Amino acid sequence: MSSNAPNLFAAAAVQRLLADELRALAPEFSGVFGRQGLVVRAHATAPEVPSAPMLGGLVRLHVATPSRLAGDLDCDPVELPFVDASFRLVLVQHAAEAIAEPEAFRSEIARVVEPGGILMVLGFQPLGAWRPWLLWQQFRGAAKLRPDPAWIWRDALADAGVDMYACRRVGPL
């Protein structure tokens, strides 16, 4: 995957999608309490995450290259520099789709979420309404994304001993 993959997320249409997703999740964020949360996003210019007033703080990261995260710190997405069960809330907004090793990234995310914590994963459906647009962007030279459907996350989390409470679709059909 080329290093320009996250640039797709700078497109106005995708920025609107990211903002809509976050607006839909705002009520969920407002009720999360705990020490800290982790936000991993596909692009540095993604819309601001809703506030989580009962959360001690948020570590904000974004995909800088398919093998590097940047933001509050610089790290490898498959070797996150956090102890096990570090975060009460983890939000992954389209980041796994732009990472070179999504399987290892999913394992790391499962490792750092607290038992009983909240993990929110947002991504494109492989056969969803965005598929033609994404294919057109790839045809025009954007790097190929790997849509990360919910069942892949469910299976990866189950392998790591994390229970999935709910799988919901965000946004209009």
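Just so you know, these numbers come straight off a predicted model, no measurement behind them.

So what about the side chain of E114? Which residues, and what values?
In this structure, E114 sits in strand β5 (residues 113-122). Apart from the residues within four sequence positions on either side, E114 is in contact with R35, A85, S86, F87 and R88.

Summarise unusual backbone geometry; cite the residues concerned and give the values.
Backbone geometry places A85, a non-glycine residue, at a positive phi of 55°. On the secondary structure map, A85 appears in the loop between β3 (68-71) and β4 (87-93). Residue A85 is classed as partly exposed on the basis of its relative accessible area of 26%. Here the phi dihedral of H94 falls at roughly 65°; this positive angle occurs in a residue that is not glycine. By secondary structure assignment, the location of H94 is in the loop between β4 and α2 (102-112). Residue classification places H94 among the buried residues on the basis of a relative accessible area of 0%.

Residue-level account of the packing of α2 against helix α4 (residues 150-159), with values.
One way to put it is that α2 packs onto α4 with a least axis distance of 9 Å and a crossing angle of 55°. When the axis of α2 is compared with that of α4, the two are oblique. Between α2 and α4 the crossing geometry is right-handed. Facing F105, R106, I109 and A110 of α2, the residues of α4 in contact are I152, W153, A156 and L157. Here the residues of the contact of α2 with α4 are counted per class, giving seven nonpolar, no polar and one charged.

Cut-offs used in this document
- Residues numbered from 1 in each chain as written.
- Predicted model: local features only at pLDDT ≥ 70, side-chain atom pairs only at ≥ 80, totals over all residues.
- Heavy atoms only, no water.
- Helix = DSSP H or I, 4+ residues; strand = E, 2+ residues; numbered from the N terminus.
- Contact = heavy atoms within 4.5 Å.
- Buried < 20%, exposed > 50% of the residue type's maximum accessible area, 1.4 Å probe, protein only.
- Axes fitted to C-alpha atoms, helices over the stretch in contact; angles between N-to-C directions.
- Parallel < 35°, antiparallel > 145°, perpendicular 65-115°, else oblique.
- Left-handed = near helix turned anticlockwise from the far one by under 90°.
- Nonpolar A, V, L, I, M, F, W, Y, C, P; charged D, E, K, R; others polar.

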